[in-house]
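Overview (structure and organization)
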Amino acid sequence: MNKKHLGIVALFILCFSFALAGKSAQAATTPQEISASKIAYVDDSGRLVLKFTDFSDVGYTYTVTNEKTGAKTDTAQLASKKGVLTVSLGQLYSSAKTGYKLVLTSKDNTKKLTVHYYTGKALGSYSIKQKSDDSVKASWTVSDKTYTGYSLGMYLGQNSTVAQKQVSAAKTAVSASVAASSLKNARYYTYLIGQTTLDNNKTVYYGQGMLKTFDYVKKPAKVKGVKAVPNANAAKLSWNAVSNASYYTVYKSTKSSSGYKVAKSKCTSTSLKIKGLTGGKKYYFKVVAVSQAGGKTVIGTQSNAVLAKIPVVAGQVRNVQLSFDSKKNLALTWSRTAKATSYHILYKKAADSKYKILIKTKKSNYSLAKLKADTKYNIKVQAVTRIGNKVYLSSKTSKVITVTPRQYRDKNYNKLLASQVRSIGYVGNKCIYTTKKYSTEVKTAFVNYKGYSSKTKYLIWISHYTQQVSIFEGSKGKWKMIRTFICATGTAKNHSPRGVFKITYKEKGWFYTSTKELYVTHYKGRNSFHTRPLWNNGSVQNPTIGKPASHGCVRCYNQDAKYIYDKMPIGTTVVSY
């Protein structure tokens, strides 16, 4: 064999190998028929409709073939949408009785779905309704016996392809029924589809179909087991659940047989607290179940009435305030509330969601010493009323107090202590004063809270109410008491001047014929600090001290007057209060 013949043989072998490989590849990619849930029918306009569950990640191609002529009547591509897809073929198919085959193939040529259609109209009308026993009856009319039977499918959801209930009917049937036990309250998408079998009853052909939406709602049963437990300005209701109820409506009245009004609509639980009721009144309640689906609502029968007599209990606790107790701890005070037999102090950290009971008490004050100094708290008080063996909490708690203990103390302690300081009063010729003395803490808090300042490092405070002079050293807001003593200020007829002054000048004394007053330190005109009146020999002429007795000056013991004279510089602030 020459070279030319050898080349021809080689070329033939190569081509034969490619042909075999092509056949093997084609055989390997032959799509497999699948069984997917679907709804298939011919609509009133003659279009083929296919609703199916998506089975491809890459999309589809489809072809429609006239099974009588073998001609392809339609072909196109369809994108994958990961859900339920609907193919509604645009062109009109023969109105004559003709079979069509739709083949839907995944683009990767691995899967396919084959559906057969049969055109030709036979259905005239279609209706579906709910009967008094809650069963459903579908009725239709037919013009001829095109189809060998009918299928009634009831689907939950517009895109569902799996029937909640499927019923088959013979070719002569004009109605089909579905038992109530097979259905639940819902909007159904119902399809009545004619079907016929060809190829010796082997292949099902889907024919004319009709779609109707249908709202199915069973009447709910009468609500039972209703209970009403009275509470403070409220009643707690509860009842047994009713099958198929979408929600409940609660009615209330002050009469047992009339005057009921809606207290709460669309209640989805089987318990409810009705608030805003008046203590001492009787209230009657009824509950009715309501079922709903789509646009249809069915109301059940009202329950029997139940009674709740609302007790008269304590109202809201008022005047809740922060203060400090005798041990200087942060404390809470409030006004006593009528009908309250005790109180609950409720607290929570500002970041928490629920309140806890800090203490139960019968008092109207409580020390908050147990709280952490640097934690922010929300605190409120709730009144409690005990009637017999029953305990009722007031429907409203007090206002909420928000506090960080250490911050509050640093900011308000001086203010609180300073608030104890009073000024002297006068009624006719009588002075209103006290022999009780302020504590060092109160005195210091007063001058610091008031923000008094001085051009020197000293500050003098005359308390006319307690008849005391207190001397401080330091600066504004940082005064510390270094000396305090009793005095005698002006009488009701000769008031000592009140205000903020300063030391202006000093004199060794005022000397008269037989008496004298020593260590005179002026702070307001001729008003000054000095000793009590003395005889020229040094003995006390008028010993009165610790109560108003002067003509406007501040009388002191000798040593105290000398202290001011010797130690307090000109310009020192004098607070006369």
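Scanning the chain for helices and strands turns up 4 helices and 43 strands. Over its C-alpha trace the chain gives a radius of gyration of 50 Å, far above what one expects of a compact globule, namely 25 Å for 577 residues. Structurally, the chain occupies a C-alpha span of about 160 × 95 × 35 Å along its principal axes. Burial status across the chain gives 44% buried among its 577 residues. If you take every contact in the chain between residues at least 6 apart in sequence, the share linking residues at least 24 apart comes to 62%.

A few words now on the environment of Val313. Topologically, Val313 is positioned in the loop between β23 (306–309) and β24 (321–324). Through-space distance from the C-alpha of Val313 to that of Lys339 is 5.7 Å; in sequence the pair is 26 residues apart. Sequence-distant contacts of Val313, that is, excluding residues within four places in its chain, are made with Ala232, Asn233, Lys339, Thr385, Ile387 and Tyr392.

It is worth spelling out the pattern of salt bridges at this point. For the structure shown, the criterion picks out 8 salt bridges. Across the pair Lys328 and Glu441 runs a salt bridge whose closest N-O atoms are separated by 3.3 Å. One end of the pair, Lys328, is in the loop between β24 and β25 (330–333); the other, Glu441, is in helix α3 (residues 440–449), with 113 residues separating them in the sequence. Residue Lys328 is classed as partly exposed on the basis of its relative accessible area, which comes to 38%. Residue Asp566 pairs with Lys562 through a salt bridge whose shortest N-O separation is 2.6 Å. Here Asp566 pairs with Lys562, and both are found in helix α4 (residues 558–567), just 4 residues apart, close to one helical turn. Since its relative accessible area comes to 36%, Lys562 is described here as partly exposed.

Chain-level pLDDT for the chain is 91 on average; 94% of the residues reach the 70-or-more range. Between residues 3–27, whose pLDDT stays under 50, and residues either more than four places distant or in other chains, the model counts 2 contacts.

The sheet built from 3 strands is open, its strands ordered β16-β17-β20 with antiparallel pairing. The strands lining the two open edges of the sheet, one partner per strand, are β16 (227–231) and β20 (271–275). Each neighbouring strand pair of the sheet contributes to a mean axis angle of 20°, computed without reference to strand direction. Where β16 lies against strand β17 (residues 234–238), 5 bridges are found, and the strand directions are antiparallel.

To continue, consider the packing of helix α2 (residues 405–418) against α3. Look at α2 against α3: their axes get within 8 Å of each other, and the N-to-C directions meet at 110°. Judged on the interaxial angle alone, α3 and α2 are roughly perpendicular. Here α2 and α3 pass one another in a crossing that is left-handed. In this structure, α2 contributes Tyr413, Asn414, Lys415, Leu417 and Ala418 to the contact, and α3 contributes Glu441, Val442, Ala445, Phe446, Asn448 and Tyr449. The residue makeup of the contact of α2 with α3, split by class, is 7 nonpolar, 2 polar and 2 charged.

Taken as a whole and judged by the stated rule, the model has 0 disulfides. With no disulfide partner, Cys431 has as its closest neighbouring cysteine sulfur the one in Cys487, 12 Å distant. Of all cysteine sulfurs, the one in Cys556 lies closest to Cys487, which takes part in no disulfide; the gap is 6.2 Å. A relative accessible area of 0% places Cys487 in the buried class.

A few words now on the nonpolar core. Inside soluble globular proteins, nonpolar side chains tend to come together where they are buried. In this structure, Leu332, Trp334, Leu368, Ile379, Val447 and Trp461 are the most contacted members of the largest nonpolar core, which totals 35 residues. Where this core is concerned, the elements lending two or more residues are β24, β25, β26 (342–349), β29 (377–387), β31 (401–403), α2, α3 and β34 (458–463). Core analysis: the second largest hydrophobic core is formed by 27 residues, Ile39, Tyr100, Leu102 and Tyr117 among them.

This part is about unusual backbone geometry. Located in the positive-phi region is Asn233, a residue other than glycine, with phi close to 55°. Its location among the elements puts Asn233 in the loop between β16 and β17. By relative accessible area, Asn233 is classed as partly exposed at 21%.

What follows is about the packing of aromatic side chains. The tally for this structure, following the rule as stated, stands at 22 aromatic pairs. Aromatic pair Trp140 and Tyr150: ring centres 5.6 Å apart, planes at 50°, arrangement tilted. One end of the pair, Trp140, is in strand β10 (residues 136–142); the other, Tyr150, is in strand β11 (residues 149–156), and 10 residues separate them in sequence. Centre to centre, the rings of Trp334 and Tyr343 are 5.6 Å apart; their planes meet at 65°, and the pair counts as edge-to-face. Grouping residues by exposure puts Trp334 and Tyr343 together as buried. Aromatic rings pair up to connect Tyr438, Phe446, Tyr452, Trp461 and Tyr577 into one cluster. The ring of Tyr260 is capped by Lys286, whose NZ or CZ atom sits 4.6 Å from the centre of that ring.

Thresholds, definitions, all that
- Residues numbered from 1 in each chain as written.
- Predicted model: local features only at pLDDT ≥ 70, side-chain atom pairs only at ≥ 80, totals over all residues.
- Heavy atoms only, no water.
- Helix = DSSP H or I, 4+ residues; strand = E, 2+ residues; numbered from the N terminus.
- Rg over C-alpha atoms; globule rule 2.2 N^0.38 Å.
- Buried < 20%, exposed > 50% of the residue type's maximum accessible area, 1.4 Å probe, protein only.
- Contact = heavy atoms within 4.5 Å.
- Salt bridge = Lys/Arg side-chain N within 4 Å of Asp/Glu carboxyl O.
- pLDDT = per-residue confidence, 0-100.
- Pairing = 2+ DSSP bridges.
- Axes fitted to C-alpha atoms, helices over the stretch in contact; angles between N-to-C directions.
- Parallel < 35°, antiparallel > 145°, perpendicular 65-115°, else oblique.
- Left-handed = near helix turned anticlockwise from the far one by under 90°.
- Nonpolar A, V, L, I, M, F, W, Y, C, P; charged D, E, K, R; others polar.
- Disulfide = S-S within 2.5 Å.
- Core = buried A, V, L, I, M, F, W, Y, C linked by side-chain atoms within 4.5 Å.
- Phe/Tyr/Trp six-rings, centres within 6.5 Å; stacked < 30°, edge-to-face > 60°.
- Lys NZ or Arg CZ within 6 Å of the ring centre and 35° of its normal.

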